[in-house]
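Summary of structural features
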Amino acid sequence: MNKLFMAVLLCAVTSAVEAQTPKPKVPVAQPFGKVDQADLELKSCDFEKDANAEVLQETGDVYFGVDIMSITEEVHKRVKIFNTNGNNEADIKIDFYSGDHLEYITGIQAETINLTDGKVEITKLDKKLIYTKMLDKEYSEITFTMPNVKPGSIIEYKYNWNASSFTDMPDLYFQEKIPVRYCEYTTRIPDVFYFRPISNLSQALDKYVKNSEGKSLIEDGQTYPFTEEVETKGMSNVHSLPDEPYMSSFTDNVQSLRFQLVSIRPIGGFQKNYSDTWAKVGGHLSDDEDFGGQLKRKLNGEEAIIAKAKAFTSNNEKIAYIFNQVRDAMKWNGSDRWYTNDGTYRAWENKTGNSTEINIILYHLLKQSGVEAYPMVVSTREHGKVNPFYTSLAQFNRTVVYIPIDTANRYVLDATGKYNVYNETPQELLNSTGLYIDKSNNKYDIIHIQREAPVRLAVMVNAEIKANGKVEGSAQISNTSYNRMNVVEKYKKDGEKKYIDYLCKGDNNLKISSIKFDNMEIDTLPLTQNINFSLDLPATDENYIYLTPNIFTPIEANPFLSENRITDVDFVYRRSYSMNGLFKVPAGYKVDAKPQNISMTMPDKSFSFRRIVVEQDGQIMIRYNVAYNVPEYSKEFYPDFYQFFKKMTEMMNEQIVLKKS
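Keep in mind that this is a model prediction, so the values were computed, not measured.

**What to know about the sheet that holds strand β28 (residues 544–547)**
The strand order across the open sheet built from three strands is β28-β36-β31, with neighbouring strands paired in antiparallel fashion. For this open sheet the edge positions go to β28 and β31 (589–593), each flanked by a neighbour on one side alone. Taken over all neighbouring pairs, the strand axes of this sheet differ in orientation by 30 degrees on average, direction set aside. Two strands pair when backbone bridges link them, and β31 and strand β36 (residues 656–660) are joined in this way by four bridges, in the antiparallel orientation. Within β36, the position partnered with A593 by the bridge is V657.

**Let's talk about unusual backbone geometry**
With a phi close to 55 degrees, Y246 is a non-glycine residue in the positive phi region. One can find Y246 in the loop between β14 (222–238) and α3 (250–253). With a phi angle near 60 degrees, K351 is a residue other than glycine that sits in the positive phi range. Topologically, K351 is positioned in the loop between α7 (344–350) and β18 (352–353). According to the relative accessible area criterion, K351 is partly exposed, its value standing at 32%.

**Observations concerning helix α10 (residues 496–504)**
For α10, the complete set of buried residues consists of Y499, I500, L503 and C504. One face of α10 carries all of its buried residues, which in axial projection span an arc of 145 degrees. The exposed set on the far side of α10, more than 90 degrees from its buried face, consists of K497 and K498. Summarising the contacts, the buried residues of α10 are in contact with β25 (470–479), α9 (481–494), β26 (510–518) and β27 (527–536).

**Section: the pairing of strand β33 (residues 607–616)**
When a strand is regular, its side chains alternate between the sheet's two faces. Relative to β33, strand β32 (residues 598–601) runs antiparallel, the two sharing four bridges. Within β33, the residue paired with I598 across the bridge is R611. Between the end of β32 and the start of β33, which pair antiparallel, lie five residues, with K605 showing a positive phi angle near 65 degrees. When β33 meets strand β34 (residues 619–628), the two strands line up antiparallel, connected through ten bridges.

**Description of the pattern of salt bridges**
Throughout the structure, instances matching the rule amount to 35 salt bridges. Two residues, D518 and K516, come together in a salt bridge whose shortest N-O distance is 2.8 Å. The shortest N-O distance in the salt bridge between R611 and E654 comes to 3.4 Å. Taken together, the positions of R611 in strand β33 and E654 in the loop between α11 (638–652) and β36 put the pair 43 residues apart, joining distant regions of the chain. A residue is classified by how much of its surface remains accessible, and R611, at 3% relative accessible area, is buried. When its relative accessible area of 32% is taken as the criterion, E654 is described as partly exposed.

What counts and what doesn't
- Residues numbered from 1 in each chain as written.
- Predicted model: local features only at pLDDT ≥ 70, side-chain atom pairs only at ≥ 80, totals over all residues.
- Heavy atoms only, no water.
- Pairing = 2+ DSSP bridges.
- Helix = DSSP H or I, 4+ residues; strand = E, 2+ residues; numbered from the N terminus.
- Axes fitted to C-alpha atoms, helices over the stretch in contact; angles between N-to-C directions.
- Buried < 20%, exposed > 50% of the residue type's maximum accessible area, 1.4 Å probe, protein only.
- Arc of directions from axis to C-beta.
- Contact = heavy atoms within 4.5 Å.
- Salt bridge = Lys/Arg side-chain N within 4 Å of Asp/Glu carboxyl O.

What follows is the structure, given as structure tokens:
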């Protein structure tokens, strides 16, 4: 089949044209170097006034080479800088897969255009200032900084991205972290290939044109006709993707288009299915020297660790021991790849490595100690969720260890984080999919990674309200799971003083005189914080005392202030909060007003709030219970969600009013 592709492409006559009429006033992409005076004088983005910079246009023309065995994308990007905060757009980085010379960059041209004293001033980039560096043995990065950039500048650059494989179709992005005035991509795909588009577009296209052009290959004197499908997609006035509270990654939400090769119809031959199954992807991993080839690699000094692990009577003890040995011994270099870079032996010798090297070391020691464990490739939250219907290894960026305990329980171990524990899946891996590798049984399967049980946090406050408008008392905060891990990490990294400031949340009226931790070093038990505190009540006067009893809970300010939402709400895991407060009323005062008992639940029971307030024997008891019964919530139903959280935080902060009798 490959010989049929080795040919010369001859142009033929364009055939049928199908097109949707574009909407009026769609911008027209301009050639490199041609800039309108109006753009040079532009002071702000028309549809996003507070933007620091704006992509005026970005175009990409994707086509196959003359032999149909390679792909090129001609990229042209133009950006307007509005103020000094937008200057970082002048620092350009182009990543590409350089392993085996699969991808490479050519034809870089760049210039900065300024309007100086009414005249156009063009400063071209000195090509000596274009740098290429290897990120690791597979990926490289080209970097350069645009010259003479200041508020009002327009920067533009173009280059050719080249791939020496017909399977390596580039992803197309219509949205960025700054607004995009116009983005247009053209793809020219021979009907020899069928690429399934995987769309993540929420905004309608402003331009869509489809053409079919007759082409032919000449091989050994024979002519093989085929059709090239040409599609142009344009989108205008695309708002920047904001960082919304509790959103998943940029990758999950950015408007984009991917392509998956499903089949090939060789010219003069029969169609061949080219879409990988997960089993096929797993098989490739097993055979890869930088993954499967590392699984059984012996480590220097491993015998002592394995011998001690085998001495434990329970699997949990073995797992905990080996996990802690690897986590504490190894330093993660910050690199996430599905493959090893230096190899596990060298990483173990140097006590540093990428995430896959560290966790394959963990897998190897567990396996040698008799634990049923499997390497599993995953995607971190920042990298984006795995689409289980898009069978591509490119979706993964880290290897972890998968241990099935029984039909209902399993461990997902990751020794890269110094505060990770063996029996808790790291939260940056939740609500995505992993592919585990069982080479000995030729079994490769995907599993959904999630936490079923809610993560709990409990606060108990016992305090006395003084007649002088001060509250004095104690609090106990109990943390489990991720709450526990987050507190331990924050306390150990920041120190006690900064951690106390964090607990006070910037409230200068709240003073913590002492804090004591129980079970700080015992991963399997809840972490308890015992706190002594005092609180000044600044609104107090001669006749009234005002107290907000919501103290030391994580729900004080409402993070969801916008009435509109672009992305889904992602809490990562289910949550349960409880707060019990007991407040002694000072002599000579009586309760003038107090919050009412209330129970509130979302229509779909996804979130609930309950408050109980009881006054008895000179004391006020108040209890809050909050449940997040789902880890994720769709933006489609955000209006109900917004109203619920607005009402709930208002109720959490209702005051108790005491009146002098």
